[in-house]
Structure formats: structure tokens, C-alpha cells
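Descriptive analysis of the structure
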Amino acid sequence: METAILHFYGALNDHLSFKRQNTDFSHNFDGRVSVKDMIESLGVPHTEVEAITVNGKAVDFSYLVADSDRVEVYGINTPAPVEAVPLRPPLPEEICFVLDTHLGQLAAYLRMLGFDTLYRNDYPDEELAEISSLENRILLTRDRGLLKRSLVTYGYYVRETNPKRQVVEILGRYHLADRIEPLRRCIRCNGSLKPVSKAAILDRLDPKTRELFDEFSLCTICDQLYWKGSHYESMRRFINELLTAD
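Figured I'd write up the structure that's included with this text. In this text the structure is predicted, and so the values were computed from the model without any measurement. (Residues numbered from 1 in each chain as written. Predicted model: local features only at pLDDT ≥ 70, side-chain atom pairs only at ≥ 80, totals over all residues. Heavy atoms only, no water.)

Comments concerning unusual backbone geometry
Selection rule: Numbering of helices and strands runs from the N terminus; a helix is a DSSP stretch of H or I covering at least four residues, while a strand is a stretch of E covering at least two. The rule is simple: take the accessible area with a 1.4 Å probe, protein chains only, and divide by the maximum for that residue type; under 20% is buried, over 50% is exposed, in between is partly exposed.
Of note in the backbone geometry, S68 takes a positive phi value of approximately 75 degrees without being a glycine. The phi torsion at N136 lies on the positive side, around 50 degrees, for a residue other than glycine. Mapped onto the elements, N136 comes out in the loop between α3 (125–134) and β8 (138–141). According to the relative accessible area criterion, N136 is partly exposed, its value standing at 38%.

Structural notes on the pattern of salt bridges
We apply this condition: For salt bridges, the criterion is a side-chain nitrogen of Lys or Arg within 4 Å of an Asp or Glu carboxyl oxygen.
On inspection of all chains with the given rule, the structure shows 16 salt bridges. One salt bridge connects D116 with R137, and the closest N-O pair in it is separated by 3.0 Å. Of this pair, D116 sits in strand β7 (residues 116–118) while R137 sits in the loop between α3 and β8, and the two are 21 residues apart along the sequence. An identical accessibility class is assigned to D116 and R137; each is buried. Here R165 and E160 are joined by a salt bridge, their closest N and O atoms 3.7 Å apart. Of the residues examined, R165 reaches a relative accessible area of 38% and is grouped as partly exposed. Note on E160: relative accessible area 30%, which makes it partly exposed. Taken together, the shared-partner salt bridges connect D116, E135, R137 and R185 into one network.

Remarks on the packing of helix α2 (residues 104–112) against helix α5 (residues 163–173)
Keep this limit in mind: What counts as an axis is a line fitted to C-alpha atoms, over the stretch in contact for a helix, and the angles between N-to-C directions run from 0 to 180 degrees. The cut-offs work like this: below 35 degrees is roughly parallel, past 145 is roughly antiparallel, 65 to 115 is roughly perpendicular, and the gaps in between are oblique. The sense of a crossing depends on the near helix, which, turned anticlockwise from the far helix by less than a right angle, makes the crossing left-handed and, turned clockwise, makes it right-handed. Here, residues are in contact when the closest pair of their heavy atoms is within 4.5 Å. Each residue is assigned to one class: nonpolar for Ala, Val, Leu, Ile, Met, Phe, Trp, Tyr, Cys and Pro, charged for Asp, Glu, Lys and Arg, and polar for all the others, Gly among them.
It is the contact of α2 with α5, at a shortest axis distance of 9 Å, that shows an interaxial angle of 55 degrees. The orientation of α2 with respect to α5, classified from their angle, is oblique. Read as a crossing pair, α2 and α5 show a hand that is right-handed. Where α2 approaches α5, its residues Q105, L106, Y109 and L110 are matched on the opposing element by P163, K164, Q166, V167 and I170. In terms of residue class, the contact of α2 with α5 is built from six nonpolar, two polar and one charged.

Let's talk about the packing of aromatic side chains
Worth spelling out the cut-off: Ring pairs are drawn from Phe, Tyr and Trp, using the six-membered ring of Trp, whenever the two centres fall within 6.5 Å, and their geometry is named by plane angle: stacked under 30 degrees, edge-to-face over 60, tilted for the rest. A positively charged side chain is recorded as over a ring if its NZ (Lys) or CZ (Arg) lies within 6 Å of the ring centre. The angle to the ring normal must also be within 35 degrees.
Applying the stated rule across the entire model yields seven aromatic pairs. Aromatic side chains Y109 and F238 sit 4.5 Å apart centroid to centroid with 35 degrees between the ring planes, which places their arrangement in the tilted category. Note that Y109 is positioned in helix α2 and F238 in helix α7 (residues 230–243), a separation of 129 residues in sequence. Residue classification places F238 among the buried positions, given a relative accessible area of 7%. In this structure an aromatic cluster arises from ring pairing among F97, F115, Y156 and Y174. We note R144 situated over the ring of Y157; from NZ or CZ to the ring centre the distance is 4.2 Å. A cation sits over an aromatic face here: R173 above Y174, 4.4 Å from the ring centre.

Remarks on α7
Short version of the rule: Any helix carries an expected span of 1.5 Å times its number of residues minus one. In this description, one arc is meant: the one made by directions from the helix axis to the C-beta atoms.
Across its 14 residues, α7 extends 20 Å between first and last C-alpha, which sits within 8% of the 20 Å expected from 1.5 Å per residue. The set of residues buried in α7 consists of Y232, M235, F238, I239 and L242. Seen from one end, α7 has its buried residues packed into an arc of 115 degrees, which puts them on one side. Buried residues belonging to α7 abut α2, α5 and β12 (225–227).

Structure follows, in C-alpha cells:
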């Protein structure tokens, strides 16, 4: 039996038992074990790890842990004391998401804010992992086990349970406040919205809407119609609330 000493920093401690949080602890292991497998065996998804050092030197996920190694693991906003070895490619310039079946309201909110967000209430785990991998989408989930799948490169365990607070959490985690673009995505299906002339959809408008509004958008997939009515003002208030939330 061999032993390593580990220490996790920052938000990675959310995944650990209380006695292992923000402190050194020993971990016994047998045989050849990669540092990635060891980290995940303790409950921390590889997708949330930003840097790893072993005995003060930066390593990647493939490093094989040796007896008496000191392993330090860093998450977002907890920079390592040495230059990190990249653990994954940089995030794509345009951030997009795929969400698990428990995050339907969060999906609607992210679409409302203009972010490309795939969601179905019947996605199996293997399909979520495959979509995330093939389309370079960030997988958002409340299932740590899903983030441990080797196919998943970008992923995040959503801590909050209230959907509005979940939005604040995701905007902060990925620094998205200045990328918000309302009326860019269809809340119903995630399709892109395009401007449409009033004349082209006149027969779909009730008399009051026809009288008060002149600018309209149409979903390119499901044909849902949008305009800047009371729902739009409610959206703007919601966005302002998010941006001023603690």
C-alpha cells in the first residue's frame, strides 16, 4: 500500500468531505494510478481542475502518482504557485452549453440572455457527454458522475439549486455579463432569431400588438414570434436583477 498527501484549493473543496476541505490529508492507493483517476476517486470532477502540482512541479492528468508524493490541486480563481501545464484546450471564443435534465429553467434563462443552450428533458447521460465533446459545449449538471466521463472536456457542477441564482453563478463562473444579448435565441427551442417585417406576419398579430409594435423577430427553427412587448420589459428587469445580484 502506497500513500500520497493531497491538498485541494478553492471551490474544489465543495466536492470533498468536511474533514478533507482546505487541508492536507493522506490517501492510500495500490499500483499505477494517474493523478486524474486519484482526484476523481475523491469526488472532484476533472472538468473543474485548472492546475495540478506534484512535489512543487506542474503536471498534467496523465502523471502516475508515486509513494509519498505531495499532490496539490487548484480550481478556478486559485492560481498555482508555478506555471501550470495546460489540462485542456482553451474554451472556444463563443461560449455554448448543453444542460442535463434537471436544469430546464436554467436553460430557458440562458437562452433568454442570448446564449446557445441545448436542453431536452430526456437526454441520456451518454448523449450529453457526446454532445459536449463533439460540439465543444460546456456541460452544466447537478450530477458529478456525469462530469467524470472521459469524453467531457468542458463541464461544471452547478452548486445553486434556485434557477435565478444558478444564472448568476454561471454568468460569474464564465465571465459572461458583457455577452448578454436578449432576443438572440428562442427560449422555446434555442433557435436563432432573425428580424422579420411586420407585413410578413401581420395575420399572426392581434389588433393591439399590430397597433403598438413595429419590430419583430422570428425563430428560424420553430417559427415562434417575438417582439418587445411586456414580456421584453420583464426580461430587461430580470437581467438587471441578475447583474446587480450579490
